[in-house]
Every structure is written in structure tokens, then in C-alpha cells.
Amino acid sequence: MAEITDFMKLDMRIGEIISVEFNDKALKPAYKLRIDFGEEIGIKNSSAQLCENYQEEDLLGRKVISVVNFPARRVAGFKSEVLVLAAVTRDQGTVLLKPDVDVEIGRKIL
């Protein structure tokens, strides 16, 4: 079982996707995202396997919830710095988590 102290180590923030590009080097269809987390965190990259449910134009300007304090990883030649949170379902595929009201970018998730 995880402890609350484990959860508190995660820094989750609201970000806004500012650019989307298909990653043609990925083994599974994926996008290269640039996400703005505001002044404190800045703009970060993420690789996300969202092609099944989202077109590039669907993602641009969308608010997302991401973990911003994992170490960066190289994914198909792309430096992925944050993990965008999504639910993986049997019927609907990968579905992004998002705030249900407009929230300022950079705000912490508690």
C-alpha cells in the first residue's frame, strides 16, 4: 500500500497544451506535446499516446493535469519531461483527465 507521504511527493499541475506534433519515430502512435505550466514551472515537453482519441487540433489549447517532477525520459528520440494523466479504458481507449472548470495554468493538484 502507498502512504500519503508517497502521494505528497508528486507535484501535479494544471498545464495548457501549446503545440502538438505527431511523433513518427514512436513505435505506437504518439504526439509530442509542449505544455505551458506558467511562470514557476515554464514550458515542458511530454510524449503521449493519445492518437486513438484525439486529433492534433483537439489538443491545442486544452488544459491537462500532469506530474511535473518525474525525471525526464527519452521516448522515440524525444525528451519527455512531464507525465500527462489519462484514464485507459477498454471501450474508450486513452482519455485525458482535465479540470471541470477553467483553472489557471501552474496551479497545484492536491
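Parameters and conventions
Along every chain, residues carry numbers that run from 1 in the direction the sequence is written. The model is predicted, so local features are restricted to residues of pLDDT at least 70 and side-chain atom pairs to those at 80 or more, both for listing and for counting; the totals for chains, interfaces and linings are taken over all residues. For side-chain calculations, the full set of non-hydrogen atoms in the structure is used, while hydrogens and water are omitted. Secondary structure elements follow DSSP: runs of H or I no shorter than four residues count as helices, runs of E no shorter than two count as strands, and numbering proceeds from the N terminus. Note on classification: 1.4 Å probe, protein chains only; a residue is buried when its accessible area is under 20% of the maximum for its type, exposed when over 50%, partly exposed between these limits. We call two residues in contact when some of their heavy atoms are within 4.5 Å. With residues, only the protein chains shown are counted as cover, and all accessible areas are computed by Shrake-Rupley using a 1.4 Å probe. Candidate patch residues must exceed 30% relative accessible area and have no salt bridge, after which like charges are joined if within 9 Å and Val, Leu, Ile, Met, Phe, Trp or Tyr side chains if within 5 Å. Here, a salt bridge means any Lys or Arg side-chain nitrogen found within 4 Å of an Asp or Glu carboxyl oxygen. UniProt positions are given in the numbering used here, feature names are shortened, and annotations may be inferred rather than shown by experiment. A strand pair is defined by DSSP finding two or more bridges across the two strands.

- The chain is annotated in an unreviewed UniProt entry as tRNA-binding protein of Serratia montpellierensis.

1. Description of the overall build of the chain
Link 1 in the chain: If you tally the helices and strands in the chain, you get two helices and 10 strands.
Link 2 in the chain: Starting at the N terminus and walking to the C terminus, you meet the elements of the chain as α-β-β-β-α-β-β-β-β-β-β-β.
Link 3 in the chain: By its C-alpha atoms, the chain is 40 × 35 × 30 Å across when sized along the principal axes.
Link 4 in the chain: When each of the 110 residues of the chain is scored for burial, the buried share is 37%.
Link 5 in the chain: Relative to all contacts within the chain whose residues are 6 or more apart in sequence, the contacts with residues 24 or more apart total 58%.
Link 6 in the chain: For the chain, the computed accessible surface area is about 7,300 Å², with 51% contributed by carbon and sulfur atoms.

2. Brief notes about a nonpolar patch on the surface
Link 1 in the chain: On the surface, Ile4, Phe7, Met8, Leu10, Phe70 and Leu83 cluster together into a nonpolar patch covering about 560 Å² of accessible area.
Link 2 in the chain: Among the elements that line the nonpolar patch, the one with the most residues is helix H1 (residues 4-8), at three residues.

3. Structural notes on the pattern of salt bridges
Link 1 in the chain: Within this structure, the stated rule accounts for seven salt bridges.
Link 2 in the chain: Residue glutamate 21 pairs with lysine 32 through a salt bridge whose shortest N-O separation is 3.4 Å. Placement of the pair is glutamate 21 in strand S1 (residues 12-22) and lysine 32 in strand S2 (residues 31-36), with a sequence separation of 11 residues.
Link 3 in the chain: Through salt bridges with shared partners, a single network forms among Asp11, Arg13 and Glu40.

4. Observations regarding the UniProt feature "domain: TRNA-binding" (unreviewed entry) in the chain
Link 1 in the chain: Using the residue numbers shown here, the UniProt feature "domain: TRNA-binding" (unreviewed entry) corresponds to residues 6-110.
Link 2 in the chain: The distance from the first to the last C-alpha atom of residues 6-110 is 13 Å, and the span holds 7% helix and 44% strand.

5. Regarding the environment of glycine 93
Link 1 in the chain: Within the secondary structure, glycine 93 is located in strand S9 (residues 93-96).
Link 2 in the chain: Residues glycine 93 and phenylalanine 37 lie 56 residues apart in sequence; the distance between their C-alpha atoms is 26 Å.
Link 3 in the chain: Every residue in contact with glycine 93, bar those within four places of it in the chain, is listed here: Glu52, Asn53, Ala87 and Val88.

6. So, the environment of glutamate 39
Link 1 in the chain: With respect to the helices, strands and loops of the structure, glutamate 39 is situated in the loop between S2 and strand S3 (43-48).
Link 2 in the chain: Judged by its relative accessible area of 84%, glutamate 39 is exposed.
Link 3 in the chain: Sequence separation between glutamate 39 and glutamate 3 is 36 residues, and the spatial gap between their C-alpha atoms is 31 Å.

7. Quick look at the pairing of S3
Link 1 in the chain: Of the strand pairs in this sheet, S2 and S3 are connected by six bridges, and their pairing is antiparallel. Counterpart to tyrosine 31 in the pairing with S3 is alanine 48.
Link 2 in the chain: Between S2 and the antiparallel strand that follows it, S3, lie six residues; glycine 38 among them carries a positive phi value of about 85 degrees.

8. Some points on the environment of glutamine 49
Link 1 in the chain: Position of glutamine 49 relative to the elements: it lies in the loop between S3 and helix H2 (56-59).
Link 2 in the chain: On the basis of relative accessibility, which here comes to 47%, the residue glutamine 49 falls in the partly exposed class.
Link 3 in the chain: Sequence spacing of glutamine 49 and valine 84 is 35 residues, and the spatial spacing of their C-alpha atoms is 9.9 Å.
Link 4 in the chain: Setting aside residues up to four positions removed in sequence, glutamine 49 forms contacts with Lys28, Pro29, Ala30 and Thr94.

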